[in-house]
Each structure stands twice: as structure tokens, then as C-alpha cells.
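Results of the structural survey
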Amino acid sequence: MKTRKKNQKGSLCLTCLGLLLFLSCASTGSYKKVDEAVSRNDYSGSIELLEENKNSLYNSSRDVVLYNLDKGMLSHYAELHEDSSRLLQDAEAAIEEAYTKSVTQELGSYLFNDNTRDYPGEDYEDLYTNVFNALNYYHRGMPESAMVEIRRMNEKLRFLSTKYDLITSELQQKAIEDKVDNIPSNPDAPTGFSDSALARYLGMLFYRSSGLYDDARIDNEGIRIAFANAPAVYKYPPPSSIAGELNIPRGMARLNVISFTGLSPVKQSKVMRIPIPGGRWAKIALPEMVSRQSEVSRVEIVISNGERLNLELLEDIDAVARETFKARRNIIYLKTVMRAMVKAISSSVMGAAADEVGGEVGLALAVLSIATQVGAEVTEQADLRVSRYFPARAHVTGINLEPGRYSLSVVYYGKSGRQIAADHYTDIDVRENALNLIESYHLK
């Protein structure tokens, strides 16, 4: 009988550990084939591969935001602008819903790791859904809707600086209730990004084409203000072509080109150990944004009239992603340390109680103590989910031309100075008093 009871207790521990293992698991699929299609500029093929591997890449209930973002961006590159609009709008709505219940979910995932909760979207993902929806609407001939998207992004930017204050306060109160002796302090400064030069640039173009010149002037000035207010993001001068965007001579037309290069950062796990009472150490695993290198060093346009212009960097989306992640990483850091401390202390308490009690109860407590330690090690995994197909950088230029039809190429050069790719456009109708915007991308 005694042996049977011990086995039952051991089985219970193994069952609990199995549950912890299950709860720690995230989607395990590989994006390799999709990424390879993207690197070949085969965006339609990348969408097909994403759908074929959907069940292994995404959890159907927890990764709704992630799936819609990835497919929405690939649809944009494939020029399926109506599909892209719908998918990005669905992602934005799911992000907003996730935020409304974020306090509850943050406290819930305090018990396990973040992979057990709905993916809420990173702030930069939420922001740039509006940029690419604005471009979707431009390509669909809906300029008013495009301007609405830019205004929505600007509203989100104003809210960003205080977005996580309530969640931080709730988590700190929870730490006190759970008797965590040292409430962890935030390791990073608050986000230093509250205005987007890219949003301002597109707003300026849409307002200008609609004849709203005062609004266009405000956004033109806002580009320089955005650069001044976020030196951690904008470590380069504003594009020189900005100065001429509102000075189009009578009888002339303005051609604007925007090029997106590279791919946005991914996440990697950083594992650390923190000391706890009793001479033990607790494991914590934190996600960190890691940049992906681009092969593009320079972009230029070559126009059929013989003109050549370099495109200049307007927005380092990679830098925005890493800067805006700081605020949410503070939340992750706070609750990860709390969770690790509570797990480790409970294991330590059970171990000490096992030594005191002895016998069958002591053995059960010792087994539970070990299972708790092992479970804490196994389940403490960083949430590495993030969308993969936003671009890393936006480059722009503008030029005044006589109205008419033109052919042009957007040419991409590598670090050696050699041409690595080019997009060719023929019979482009450059019209007076209109927005003539070419969008190109090379995501390697």
C-alpha cells in the first residue's frame, strides 16, 4: 500500500510537470520556406506557403494577431491591397481587444510564461498597421481613408508614453500581495518615441494632394520635429527632399518614391539567474529584439529623362521596434522576476519542510520541491513571438517633373556598390496637382 501511495504521488508530480511542459510550449513551426520565398520577391508564393504551414506556425486561438499581421504584410507586397486592408484591420482590432483585457492576462501569465496568453502585438506592429493600411487605401484610390489611418497612428503615438502605467501599477501591487520582498525596478528608460517621421511624411503627401495645404505644412514641419524629439531612433539627418515637397512650381508635377528595405527584428531569448533567499538561484528568460541584416546599402531612382536621385533614409523601423519594445519589456521583466521568485521560494519552503517532517509526508514534499524546481526551469521560457514581415527601413525622395508619362527604375545596391536588384515601372502617368507615389521594396 505504501509503495502504491508513493507511486501515486510521484505520478501526480509527473502529471503536473507534464501540464507545465504543455503550457510552456509555443508554436514550433519553421518560417524557413516562407522566408525563402520572400527573399526571392515571390510574395504570392510566400502567402501560399504560409497557408500550407499555418497550423504549425500559429496557435489558432492565441496567435490571431500574429497570423493576420504576417499574411496582411505579405498581401501588401503581393499588391493584394483589399486583402491586406482586411487582414491588417483584423490584426489592429485584435490588438485593441487584447489591450482592453491586458491587466487580467498580465496577471494570469504571471503564473506561467507569456506563451500561455494571446499574442497582444508589439507597439510598433500596432503603429505600422496604419501606415501600410494608408498605403493600401492609396493604391485602392481611397485617399480619405488613407488620411484616417495616419490620424489613427498619430493618436496611438500620443497614447504610447502612458500605455503601460496601469499594468505596471497592478503588477507591483500583486508583488506586494504575494510577499515578494524586492519589487524589481524597471531596467530601461521609458520609450523615447512619440512621433513618426514616416506617418508625418505620408500625411503631408495625402493632405497636399487633397489641397489641404495648411495641414500638409504642419506635417512637413512635424517631420523635423519628430527627428529632434527621438534622437535614439533618428540618428541621421532628415531627407533633403523634404524641403521641396511643398514648393512645386506652377505647371509642374511632383513624383514621390518610397522604398522599403530589409526586414523588421526578431526576438531571441536571454537567460539569466537571480539570487533568492537560501543560497539558491532562480532562472528568468527574457525576450530581446535582434536586428536582421539587410544586403541593401543604397537605393536610387533612374528616370527615363536621364535624371538619377538617391533615396534617403526617412524611418528606421528596426530602431522604432527596439525602442518601443522597451516599455513592454519592463512589464515582462517585472512579472518574470516575480514569477521566478515565487516559484523558487515555494520550492525552497517545501524542501525545508521535507527535512523537518521526514517520513512519507517529507518524501512527498521533497518530490514536490524537486518537481517545482524542474518545472520552473522547463516552463520559464521567453515569449519569442513577433511578426516577421514588416520592413526594416523606409527611404524616400521626391522630384518635380513636367506632367507626362515616364518610365523609371528603383535600383538597389549592396555594400560593395554592386547592383543587386531593381524594380522597373513603365508608362507612369505623372500628373499635376495629384499624388504620384511609387512604392518599391527589397526585403533582403
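Presented here is a report on the structure given in the accompanying data block.

Cut-offs applied
Residues numbered from 1 in each chain as written. Predicted model: local features only at pLDDT ≥ 70, side-chain atom pairs only at ≥ 80, totals over all residues. Heavy atoms only, no water. Pairing = 2+ DSSP bridges. Helix = DSSP H or I, 4+ residues; strand = E, 2+ residues; numbered from the N terminus. Axes fitted to C-alpha atoms, helices over the stretch in contact; angles between N-to-C directions. Contact = heavy atoms within 4.5 Å. Parallel < 35°, antiparallel > 145°, perpendicular 65-115°, else oblique. Nonpolar A, V, L, I, M, F, W, Y, C, P; charged D, E, K, R; others polar. Left-handed = near helix turned anticlockwise from the far one by under 90°. Phe/Tyr/Trp six-rings, centres within 6.5 Å; stacked < 30°, edge-to-face > 60°. Buried < 20%, exposed > 50% of the residue type's maximum accessible area, 1.4 Å probe, protein only. Lys NZ or Arg CZ within 6 Å of the ring centre and 35° of its normal. Expected span 1.5 Å × (residues − 1). Bend = angle between axes of the 7 residues up to and from the residue.

Let us now look at the sheet that holds strand 6 (residues 312–316). Spatial ordering of the open sheet is given by 6-7-1-10, a layout of four strands whose pairing is mixed. Every other strand in the sheet has two partners, leaving strand 6 and strand 10 (436–442) as the edge strands with one partner each. Within the sheet, the average angular offset between the axes of one strand and its neighbour, ignoring direction, is 25 degrees. As paired strands, strand 1 (residues 253–261) and strand 10 are joined by seven bridges and run parallel to one another. Each residue of the ladder has a partner; that of L255, found in strand 10, is N436. The sheet contacts of helix 11 (residues 197–209) involve strand 1, strand 6, strand 7 (393–401) and strand 10, and relative to strand 1 the element is tilted by about 155 degrees.

This brings us to the packing of helix 2 (residues 32–39) against helix 3 (residues 43–52). For the pair helix 2 and helix 3, the least separation of the axes is 8 Å and the interaxial angle reads 170 degrees. If you check the angle between helix 2 and helix 3, you find them roughly antiparallel. Along its contact with helix 2, which presents K33, V34, A37 and V38, the element helix 3 presents Y43, G45, S46, L49 and L50. In terms of residue class, the contact of helix 2 with helix 3 is made up of six nonpolar, two polar and one charged.

Between helix 8 (residues 123–139) and helix 11, the shortest axis-to-axis distance is 10 Å and the interhelical angle comes to 25 degrees. Relative to helix 11, the element helix 8 lies roughly parallel. Crossing of helix 8 over helix 11 shows left-handed handedness. Contacts between helix 8 and helix 11 involve Y128, V131, A134, L135 and Y138 on the former and, on the latter, L198, L202 and F206. Taken together, the residues that form the contact of helix 8 with helix 11 break down as eight nonpolar, no polar and no charged.

In this section: the pairing of strand 4 (residues 298–303). Of the pairings in the sheet, the one linking strand 4 to strand 8 (residues 404–413) comprises six bridges and is antiparallel in character. For R298, the partnering residue across the bridge sits in strand 8 and is Y413. Where strand 4 and strand 5 (residues 308–310) come together, three bridges link them in antiparallel fashion. Its bridge partner lying in strand 5, V302 is registered against R308. Linking two consecutive strands that pair antiparallel, namely strand 4 and strand 5, is a turn of four residues; a positive phi of about 100 degrees is found at G306 within it.

One open sheet holds the four strands; their spatial order is 5-4-8-9, and the pairing between them is antiparallel. In this open sheet, the two strands that pair with only one neighbour each are strand 5 and strand 9 (419–430). The mean angle between the axes of side-by-side strands here comes to 20 degrees, regardless of whether they run parallel or antiparallel.

A few words now on the packing of aromatic side chains. Evaluated as defined, the whole model comprises 13 aromatic pairs. When the centroid spacing of 6.1 Å and the interplanar angle of 80 degrees are considered together, the rings of Y31 and Y58 count as edge-to-face. On the criterion of sequence distance, the pair formed by Y31 in the loop between helix 1 (2–24) and helix 2 and Y58 in the loop between helix 4 (54–57) and helix 5 (64–77) is long-range, its members being 27 residues apart. Each member of the pair, Y31 as well as Y58, carries the same accessibility label: buried. Through a chain of ring-to-ring contacts, the aromatic side chains of Y124, F132, F260 and F390 assemble into a single cluster. The aromatic ring of Y67 is capped on one face by K54, whose charged end is 4.2 Å from the ring centroid. The side chain of R298 reaches across the aromatic face of Y413, ending 4.1 Å from its centre.

Attention shifts here to helix 12 (residues 213–229). If you check helix 12, its first and last C-alpha atoms are 24 Å apart, about what 17 residues at 1.5 Å a residue would give, namely 24 Å. The largest bend in helix 12 is about 25 degrees, located at I223. If you check which residues of helix 12 are buried, you get A216, D219, N220, G222, I223, A226 and F227. Where helix 12 is buried, its residues meet helix 11 and strand 6.

With that out of the way, let us pick up helix 8. In a regular helix each residue adds 1.5 Å, so 17 residues correspond to 24 Å; helix 8 covers 25 Å between its end C-alpha atoms and thus fits that length. Burial runs high along helix 8: 15 of the 17 residues are buried. Directly beyond the C-terminal end of helix 8, a positive phi value near 75 degrees is found at G141.

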